[in-house]
Amino acid sequence: MATKTPQKVSRVRPEYIPNHIPDPSYVRILDTTLRDGEQSPGATMTSTEKLDIARQLVKLGVDVIQPGFPSASNDDFMAVKMIAQEVGNNVDDEGYVPVIAGFCRCVEKDIAIAWEAVKYAKRPRLCTSIATSPIHMEHKLRKTKDQVIQIARDMVKFARSLGCDDIQFGAEDAARSDRDFLYQILGVVIEAGATTVNIADTVGILMPLELGKLIVDIKANTPGIENVIISTHCHNDLGLATANTIEGARAGARQLEVTINGIGERAGNASLEEVVMALACKGDHVLGGLYTKINTSHILKTSKMVEEYSGMNLQPHKAVVGANAFIHASGIHQDGMLKHKGTYEIISPEDIGLKRSIGVGIVLGKLRYVICFFSKIANTLLSYLGYELKEDEADSVFWHFKAMAEKKKVVTDADLKALVSYKALHAEPIWKLDDLQVTCGTMGLSTTTVKLVTTDGSTHVACSIGTGAMDSAYKAINLIVKEPIKLLEYSLNSVTEGIGLSTTARVVICRENNHTSTYAFTKDTTYSTFSGIGVGMDVVVSSVEAYLVALNKLLGCKESFMC
């Protein structure tokens, strides 16, 4: 057996006090997947998807959920409010309920809107932020140090005046800020009422020893720092976000900002699964007893949900949750694994919720699968693979699985996982594929005929030509929906091996007429993008399904300044 990840079961989650943690070894986890993570190009999620992820984050046990930027758009506001009202009031038997934290700039309007969204939660928080580095103050804010300090002080006081007693102040680009100025502004906001101060390595420039020293220096030189929680927010531009975050905790930070799968701006953020499992493995023996109350058995399921909803595919060798994380190909490694799993696995896959199939994989033929699916065996299998489906969801998966089995001699648990993720995790679409016929080859332009069905049952048919099968298919869909669409990305990945493989298609789209908005921090003009994934044996059908998933997201997005 692999060595079980060390856990101290006797430890309980400390009482939540905004500016104090009764147990000095406890580390709070703030998940910003739904805010910073969603800023990844193509990772736009619907309000319903955000709510699903927030519910899953509760199962994971995160201390603070940052579900969005309420003033960015009406859709973001409604998503944050919905999460605050439901997830933010769901207290478990042990008294745990996550803090719901609304992100806002140091602007009165932003803060007021954010408070209006999060105030319904049992534990609401406002996370207000302003840049503190010379390059940001000069070129972006165009303000002096004194002006920035005054704004920070006034906005923290304004947040307090609204009735919020849990206020996080973020020093954007703290990593490149003048140290004395950083100590000064942090002292000012603490005096004004901040309960958490967030130290951001916004551009991912620091080395671990630099980040650690920064935290130590802040503790030593900031007036009132002993009365607040120090938080870190690390980006991954040099691949050091996880290492920096762990070093920050070792140096004294007691809140760590992370995202599921490490998604986020540019190269992403510190990865929750990596940070949490590093603390689980090394917290006691190397890091002085640091621990979290994350339920690690929900890590894999949460990772898969975020991957599906965001459309951000994981690299196979992604630490902890990648497809290859617990696969051993080398003969020497396989020999060791057969003798003792601890020879090559420092984490038991069960610790993150991965339940391996008997042998190398569960293989099911069409007839055998049809027989077992209508029995309790199938539900047991799905549960074993980490899924709990409602009856109608199981029926949907069954019919698509049966269709796959008719084309493929055997179907594996990998196929089943892909289908469950695709079919069960997507909301009811506005447009569904009914029929598709494609003619393509070297004899001329490709031709595609598409029949789509709407939610009211009406059918629509269109035919188009194009430079290839996908081009003609997407053009035919556009003729039906009458929405000018621009394809930004298209990719294919195999789910299983061999000639009869299953494929996952991914597309990213936006509106052709570029409904734009101004990004709050940089003032750059930007526009929303939408991703979709399709899974199946036929690459053309999978590609069309992926396009429709993205299209339905786009059409379902409410008209707002973000959409």
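Just so you know, these numbers come straight off a predicted model, no measurement behind them.

**Some details on the packing of aromatic side chains**
Counted according to the given criterion, the structure contains three aromatic pairs. When the ring of Y26 is compared with that of Y291, the centres are 5.2 Å apart and the planes differ by 65°; the resulting orientation is edge-to-face. Of this pair, Y26 sits in the segment before β1 (28-31) while Y291 sits in the loop between α9 (272-282) and α10 (299-310), and the two are 265 residues apart along the sequence. Its relative accessible area of 7% is what places Y291 among the buried residues. Plain terms: the ring middles of F69 and F103 are 5.4 Å apart, the flat faces sit at 90° to each other, and that makes the pair edge-to-face. Of the two residues, F69 sits in the loop between β2 (64-68) and α2 (74-86) while F103 sits in strand β3 (residues 99-105), which places them 34 residues apart along the sequence.

**Notes on the side chain of T195**
Tracing the sequence through the fold places T195 in the loop between α6 (179-192) and β6 (196-201). Look at T195 and you get buried, because its relative accessible area is 5%. Within polar-contact distance, the side chain of T195 engages the side chain of D166 at 3.2 Å. Excluding anything up to four places from it in sequence, T195 contacts P18, N19, R160, D165, D166, I167, V228 and I229.

**Things to note about unusual backbone geometry**
Its identity as a non-glycine residue notwithstanding, V320 has a phi of 75°, on the positive side. Secondary-structure assignment places V320 in the loop between α10 and α11 (331-339). Classification of V320 by relative accessible area gives buried; the value is 13%. Phi at K482 is positive, roughly 55°, even though this residue is not glycine. One can find K482 in the loop between α16 (469-481) and β14 (485-494). Accessibility expressed as a relative area gives 69% for K482, which makes it exposed.

**Concerning the confidence of the model for the chain**
Averaged over the chain, the pLDDT score is 85; the fraction of residues at 70 or greater is 80%. Per-residue pLDDT stays below 50 along residues 518-524; that stretch engages in 17 contacts with residues further than four places along the chain or on separate chains. Every residue in residues 558-563 is under pLDDT 50, and counting partners more than four places away or in other chains gives 21 contacts.

Parameters and conventions
Residues numbered from 1 in each chain as written. Predicted model: local features only at pLDDT ≥ 70, side-chain atom pairs only at ≥ 80, totals over all residues. Heavy atoms only, no water. Phe/Tyr/Trp six-rings, centres within 6.5 Å; stacked < 30°, edge-to-face > 60°. Helix = DSSP H or I, 4+ residues; strand = E, 2+ residues; numbered from the N terminus. Buried < 20%, exposed > 50% of the residue type's maximum accessible area, 1.4 Å probe, protein only. Polar contact = N/O pair within 3.5 Å; in protein donor to acceptor, adjacent residues only side chain to side chain. Contact = heavy atoms within 4.5 Å. pLDDT = per-residue confidence, 0-100.

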